[in-house]
Amino acid sequence: MNLEEAKIKYIQTWGSLATSWGINKTMAQVHALLLVSTNPLSAEDIMETLKISRGNVNMNVRALIDWGIVKKEFVVGERKEFFVADKDIWELFKQITKERKKREIEPVLKVLEDLQQIKDNSDEANEFKKVLSDLSTVTTSVNSILENAIKADEHWLLSNFTRILKK
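Numbering of residues starts from 1 in each chain and follows the order in which that chain's sequence is written. A pLDDT threshold of at least 70 governs which residues receive local features in this predicted model, and a stricter bar of 80 or more applies before side-chain atom pairs are shown or counted, although totals over entire chains, interfaces and linings include all residues. Neither water nor hydrogens contribute to the side-chain values; these are computed over all heavy atoms in the structure.

A. How the structure looks around the overall build of the chain. Counting from the N terminus, the helices are DSSP H or I runs at least four residues long and the strands are E runs at least two residues long. A count of helices and strands for the chain gives 7 helices and 3 strands. Counting from the amino terminus, the chain carries its helices and strands in the arrangement α-α-β-α-α-β-β-α-α-α. Principal axes of the C-alpha set define a box for the chain whose edges measure 70 × 40 × 30 Å. Looking at the 167 residues of the chain, the share that counts as buried comes to 31%. Long-range pairs, those at least 24 residues apart, make up 54% of the contacts in the chain between residues at least 6 apart in sequence. Accessible surface area values rest on a Shrake-Rupley calculation with a 1.4 Å probe, where residue burial reflects the displayed protein chains alone. Carbon together with sulfur atoms contributes 57% to the accessible area of the chain, which is approximately 11,200 Å² in total. The classification of residues rests on relative accessible area computed with a 1.4 Å probe and restricted to protein chains. Under 20% of the type maximum is buried, over 50% is exposed, and intermediate values are partly exposed. In this analysis, two residues are considered to be in contact whenever any of their non-hydrogen atoms come within 4.5 Å of each other.

B. Representation of helix H1 (residues 3-18). Here the expected span of a helix is defined as 1.5 Å times the quantity of residues minus one. In this model, H1 (16 residues) spans 22 Å end to end at C-alpha, consistent with the 22 Å of a helix rising 1.5 Å per residue. By the burial criterion, the buried members of H1 are Ile11, Gly15 and Ala18. Seen along its axis, H1 keeps its buried residues to an arc of 70°; they face one direction. Those residues of H1 that are buried are in contact with helix H2 (25-36) and helix H3 (43-50). N-cap assignment for H1: the residue whose side-chain oxygen lies 3.1 Å from the backbone N of Glu4 is Asn2. What the arc measures is the spread of directions leading from the helix axis to the C-beta atoms. Pairing of N or O atoms within 3.5 Å defines a polar contact, subject to two protein rules: one partner must be a possible hydrogen donor and the other a possible acceptor, and residues neighboring in sequence count only if both atoms are side-chain atoms.

C. Spatial organisation of the domain arrangement of the chain. Each assigned domain of the chain is listed with its residue range as follows: domain 1 (3-85) and domain 2 (89-166). Each of domain 1 and domain 2 has a C-alpha centre, and these two points are 30 Å apart. At the junction of the two partners, domain 1 supplies 8 residues and domain 2 supplies 7 residues. Put simply, buried area is how much 1.4 Å-probe accessible surface two parts lose in total, over both of them, once they are put together. Contact between domain 1 and domain 2 buries roughly 660 Å² in total, counting both sides, with carbon and sulfur atoms accounting for 68%. Salt bridges, as used here, are contacts in which a Lys or Arg side-chain nitrogen is within 4 Å of a carboxyl oxygen on Asp or Glu. Here domain 1 is connected to domain 2 by 0 salt bridges. At the surface where domain 1 touches domain 2, the tally comes to 2 residue pairs in polar contact (both at pLDDT 80 or more). At the level of elements, H2 and helix H4 (54-67) are the ones that each hand at least two residues to the side of domain 1 that touches domain 2. Per the annotation, domain bounds derive from an automatic or database assignment of domains.

D. Molecular detail of the packing of H2 against H4. Interaxial angles span 0 to 180 degrees and are taken between N-to-C directions of axes, which are lines fitted to C-alpha atoms, for helices over the stretch in contact. Two elements in contact, H2 and H4, have axes whose closest approach is 9 Å; the angle formed by their N-to-C orientations is 75°. When the axis of H2 is compared with that of H4, the two are roughly perpendicular. Contacts between H2 and H4 involve Thr26, Met27, Val30 and His31 from the former and Asn56, Asn60, Val61, Ala63, Leu64 and Trp67 from the latter. Note that Gly is not counted as nonpolar here; it falls among the polar residues with everything else outside the nonpolar set of Ala, Val, Leu, Ile, Met, Phe, Trp, Tyr, Cys and Pro and the charged set of Asp, Glu, Lys and Arg. Residues that form the contact of H2 with H4 fall into these classes: 6 nonpolar, 4 polar and no charged. Orientation categories follow fixed angle ranges, with anything under 35 degrees roughly parallel, anything over 145 roughly antiparallel, 65 to 115 roughly perpendicular, and all other angles oblique.

Below you can see the structure in the form of C-alpha cells.
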C-alpha cells in the first residue's frame, strides 16, 4: 500500500468509526484529511479529495472550528481561506473531551439538579428522587474524571488509566 492509499483508507475508516461516536461521517473525514495533510487545505482541496460539495465542506469545517480542533490559516498571496487541524493528538483528545463534556455531561447535570426540586414526598416520588440522585452521583463522577483528563498531562492520565485497568 502506498502513502496515498493509506491516507484514503485512514480517512474512510475514521469517517465510518465516527458514526459510532455520534459524529457526522463527513465531519470526521474532513478532520482526518486535515490531520494527515502536510499543508493547509482550501475548501476546493477538501471538495476534490473527498468528492463532497462546497456546502458540505463549509458546514463541516465550521463545525470543526466550533469544536476548536481546526483553524483558519493565512497563506501569503492567496485570497482563499485555508484550514489546518491541530496535530498534537493529546491536545486534540483534551479539546474533544472538553467539548463533549460541555455538550453532553453538563446539560444532564443541570437537568438532574432541576429535577431534584420535586416537592412531592410520596413513596413513588422518593424512589424517583433516589434514581435521580444515583444518576447525579454517577454523572458527577464522570464529569470529574473528564475534568481531570482535560487538565492532566498525557503521562498522568495514561498511568492512572493503566492502574485502573489492572484492578
